[in-house]
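Structure at a glance
The lines below spell out each chain.
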Amino acid sequence: MLMIACPWCGPREQTEFAYGGEAHIARPADPDAVDDAQWADYLFMRTNPKGCHREQWNHAFGCRRWFNVERDTLSYRITSVYKPGERPAEPAA
Amino acid sequence: MNRYSIFTLARNALGGHRGWQAAWRSPEPKRRYDVVIVGGGGHGLATAYYLAREHGITNVAVLEKGWIGGGNTGRNTTIVRSNYLWDEATHLYEKSLKLWEGLSQELNYNVMFSQRGVLNLGHTLQDMRDIERRVNANRLNGVDGEVLTTVQVKAMVPIINDSAHARYPILGASLQRRGGTARHDAVAWGFARGADSRGVDIIQNCEVTGIRRDGGRVTGVDTSRGFIEADRVGVVAAGHCGVLASMAGIRLPIESHPLQALVSEPIKPVLDTVVMSNAVHGYISQADKGDLVIGAGIDAYVGYGQRGSFSTIEGTLAAIVELFPTFSRVRMNRQWAGIVDVSPDACPIIGLTPVKGLYFNCGWGTGGFKATPGSGWVFAHTIARGVPHELNASFSLERFATGRLIDEHGAAAVAH
Ligand SMILES: Cc1cc2nc3c(=O)[nH]c(=O)nc-3n(C[C@H](O)[C@H](O)[C@H](O)COP(=O)(O)OP(=O)(O)OC[C@H]3O[C@@H](n4cnc5c(N)ncnc54)[C@H](O)[C@@H]3O)c2cc1C
Ligand SMILES: [Zn+2]
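Calculation rules
Residues numbered from 1 in each chain as written. Chains lettered and ligands numbered in written order. Predicted model: local features only at pLDDT ≥ 70, side-chain atom pairs only at ≥ 80, totals over all residues. Heavy atoms only, no water. Helix = DSSP H or I, 4+ residues; strand = E, 2+ residues; numbered from the N terminus. Rg over C-alpha atoms; globule rule 2.2 N^0.38 Å. Buried < 20%, exposed > 50% of the residue type's maximum accessible area, 1.4 Å probe, protein only. Contact = heavy atoms within 4.5 Å. Lys, Arg positive; Asp, Glu negative; His and termini not counted. Charge placed at Lys NZ, Arg CZ, Asp CG, Glu CD. Phe/Tyr/Trp six-rings, centres within 6.5 Å; stacked < 30°, edge-to-face > 60°. Donors = N, O, S within 2.8 Å, 3.2 Å for Na, K, Ca; no water. Tetrahedral: all angles 85-135°; square planar, octahedral: opposite > 155°, others 65-115°. pLDDT = per-residue confidence, 0-100. Axes fitted to C-alpha atoms, helices over the stretch in contact; angles between N-to-C directions. Parallel < 35°, antiparallel > 145°, perpendicular 65-115°, else oblique. Left-handed = near helix turned anticlockwise from the far one by under 90°. Nonpolar A, V, L, I, M, F, W, Y, C, P; charged D, E, K, R; others polar. Pairing = 2+ DSSP bridges. Salt bridge = Lys/Arg side-chain N within 4 Å of Asp/Glu carboxyl O. Buried area = accessible area lost by both parts, 1.4 Å probe. Near = heavy atom within 4 Å. Polar contact = N/O pair within 3.5 Å; in protein donor to acceptor, adjacent residues only side chain to side chain. Areas by Shrake-Rupley, 256 points an atom, 1.4 Å probe, with all protein chains shown as cover.

**Topic: the overall build of chain B**
Tallying secondary structure elements over chain B gives 12 helices and 18 strands in all. The C-alpha atoms of chain B give 21 Å as radius of gyration, which agrees with the globular expectation for 416 residues (22 Å, within 12%). Expressed as lengths along the three principal axes of its C-alpha atoms, the size of chain B is roughly 65 × 65 × 40 Å. By the burial criterion, 58% of the 416 residues in chain B qualify as buried. Of all intrachain contacts in chain B linking residues separated by at least 6 positions in sequence, the fraction that spans at least 24 positions is 75%. Taking the 42 positively charged and 37 negatively charged side chains of chain B as two groups, their mean positions are separated by 5 Å.

**A closer look at the packing of aromatic side chains**
Tallying each qualifying case throughout the model produces 17 aromatic pairs over all chains. Both rings, one in Trp39 of chain A and one in Tyr42 of chain A, keep their centres 5.0 Å apart while their planes meet at 50 degrees; by these two values the pair is tilted. Taken together, the residues Trp39 of chain A and Tyr42 of chain A, both in helix H1 (residues 36–43) and three residues apart, mark about one turn of the helix. You can call Trp39 of chain A partly exposed: its relative accessible area is 26%. Ring centres of Tyr93 of chain B and Trp364 of chain B lie 5.9 Å apart, and the angle between their planes is 85 degrees; on these two criteria the pair is classed as edge-to-face. Of this pair, Tyr93 of chain B sits in helix H3 (residues 87–101) while Trp364 of chain B is found in the loop between strand S18 (358–362) and helix H10 (372–385), placing the two residues 271 residues apart along the sequence.

**Remarks on the coordination of the zinc ion (ligand 2)**
All names here are of chain A. Those protein atoms acting as donors to the zinc ion (ligand 2) are Cys6 (SG), Cys9 (SG), His59 (ND1) and Cys63 (SG), and they sit at 2.0 to 2.3 Å. For the zinc ion (ligand 2), the four donor atoms are set out with angles of 104 to 119 degrees between them, so the coordination reads as tetrahedral. Donor residues for the zinc ion (ligand 2) sit on one chain with the sequence pattern C-x2-C-x49-H-x3-C. Judged by its relative accessible area of 3%, Cys6 is buried. On the basis of relative accessible area, Cys9 is assigned to the partly exposed category, the value being 29%.

**What about the confidence of the model for chain B?**
Summarising the model, chain B shows a mean pLDDT of 96, and 99% of its residues fall at 70 or more. Complex prediction metrics read pTM 0.97 and ipTM 0.94.

**Observations regarding the packing of H3 of chain B against H10 of chain B**
All names here are of chain B. Packing of H3 against H10 leaves a shortest axis separation of 7 Å and a crossing angle of 110 degrees. With respect to each other, H3 and H10 are oriented roughly perpendicular. For the pair H3 and H10, the sense of crossing is right-handed. Two secondary-structure elements touch here, H3 through Leu92, Lys95, Ser96, Leu99 and Trp100 and H10 through Thr372, Pro373, Gly374, Trp377 and Val378. When the residues that make up the contact of H3 with H10 are grouped by side-chain class, the tally is six nonpolar, three polar and one charged.

**Re the sheet that holds strand S16 (residues 332–342) of chain B**
Two modes of strand pairing occur in sheets, parallel and antiparallel, and in both the strands are linked by backbone hydrogen bonds. All names here are of chain B. Spatially, eight strands are ordered S5-S6-S4-S13-S14-S15-S12-S16 in an open sheet, and the strand pairing comes out mixed. With partners counted over all chains shown, the strands left at the sheet margins are strand S5 (146–149) and S16, one partner each. With strand direction ignored, the average angle separating the axes of adjacent strands in the sheet is 20 degrees. Across three bridges, strand S4 (residues 118–122) lies against strand S13 (residues 274–277) in parallel orientation. Across the sheet, Leu119 pairs through a bridge with Val275, a residue of S13.

**Some remarks on the pattern of salt bridges**
All names here are of chain B. Scanning the model with the defined rule gives 25 salt bridges over all chains in all. For Arg178, the salt bridge goes to Glu101, with nearest N and O atoms at 3.0 Å. Of this pair, Arg178 sits in the loop between strand S6 (172–176) and strand S7 (180–181) while Glu101 sits in helix H3, and the two are 77 residues apart along the sequence.

**A few points about the interface of chain B and chain A**
Each side of the interface is counted separately: chain B has 25 residues, and chain A has 24 residues. Between chain B and chain A, the buried area comes to about 2,100 Å², and carbon and sulfur atoms account for 55% of it. The largest contributions to the chain B side of the interface with chain A come from Arg251, Tyr301 and Tyr304 of chain B, which together make up 31% of the buried area. Where chain B meets chain A, there are one salt bridge. Of the charged contacts, one joins Asp41 of chain A and Arg251 of chain B as a salt bridge, the two residues approaching to 2.9 Å between their closest N and O atoms.

**Comments concerning the site of ligand 1**
Residues and elements named next belong to chain B. Around ligand 1, a shell composed of 38 residues is seen, among which Glu64, Asn72, Thr73, Thr77 and Lys370 lie nearest. Measuring from an oxygen atom of ligand 1, one finds a side-chain N or O atom of Glu64 at 2.6 Å. Here Thr73 contributes a side-chain N or O atom positioned 2.6 Å from an oxygen atom of ligand 1. In the complex, the protein chains occlude 97% of the 1,000 Å² of accessible area that ligand 1 would expose alone. Listed by contribution, the elements that provide at least two residues to the shell around ligand 1 are helix H2 (42–55), strand S12 (255–266) and S16. A per-element tally of the shell around ligand 1 places S12 first, with three residues.

See below:
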């Protein structure tokens, strides 16, 4: 069970949150300008690392706001929590 | 290889069981192989077996970072069925089910395949409509399937809670009688023994750490036991497929998640079939030893830790107890997780990659055990011929660019 520190509400149990997948995936600014492979990359391809992962979470049963978490996918240790538009506190290990 | 039979059993019994040979060798890796298979789970071992058996390619190594079958093969709840919705998936899983039906004889190894039937419960009107649609689709494809009423479900599973006031009322179910369970370890061991006897080297404690390429073509793999040269490399690493893909500069539409299961203390026989419920994320069967084998849904987050969240199994057990109130006092003995490779359409990716000679077989997610023989069969063909078998041609990596996805979420996502 993860303990996640919502940037607005503080530490809460994982059951209050919904997972939102990999963070920082930007929709191509001009979809007409990209080919099928690039569009597929945006839609479906994921980094899926064994180690440091930046991901989105939503405090679904709390303030209902989105934010980013940097977490190790092997140890599950959370190394940083930051608001949308911000960068993680320390560089990824 | 000494063949197993009643006579060898009797002879060895008289000899105090000191005459048994090891079921497979543990050779030192050679410098070079025609084909290297990465991952010694059921799928990797089946691939090596069919490469030797069907295509006469025997200069093959299976490289396993731990021990064979120690990944999802040895961690899964062993449900086998072929009642998927779409033609492509149904044909692939049905090929596998047909291979299961003769597998113990084929391998001369008892994989304890037990066709005890698989029930998929419907709890809402929409569930029942989906069940009818799927059963009809299956029958049109020559796959057995029946739609059961609540009364018929109760007759098959007397301990199930069929009250109309239950939290998850049972409106009916689909039944595939040819479905069932098998002994997971035996599947890995049987394929390993069969492959080994045909000349395949099974190399355990050998982790692949790099995939070498030269001019867009694979040349071999770096491993914890040195470089091994190969013209063809087949990667079947389940939850670790993304780690392997990144070694070759390939991006996959896959995320790895923990998937948990539990077994209870052994109890007397009470459940002689497999009961699954998509809606409540629970499925259950009773092993021959008497323990209840219970599977949960995946944890939502990406995870390689081979452990998941307590809240996930809590939800599953709450649902199981609603369906089977009599199990509320059964104690759980063990709980664990495997890492499953989840794809966007709940279907596998089996085929060629942008790197020549490099093949991937992954994305089986929560439901690949049932496909073990069929997956090995089509992947061996793909590697041997350099082109996919007709059964896996649709399961290419390109489908994510063309948009021709095979959406099996209804039949596969949570149910296994
Ligand atoms: C809890 C649980 C329940 C499940 N229930 C069912 C079910 O009821 N029915 C069903 O059909 N399916 C089920 N599944 C899914 C099924 O187990 C998998 O889809 C299937 O086992 C995948 O087979 P595999 O042989 O490819 O994987 P694995 O057995 O995981 O084999 C992959 C192997 O690759 C090795 N490997 C990884 N990286 C490297 C490397 N770098 N070098 C060398 N080797 C490496 C691993 O150690 C591993 O042994 C379940 C899975 C889990 C976790
Ligand atoms: Zn909050």
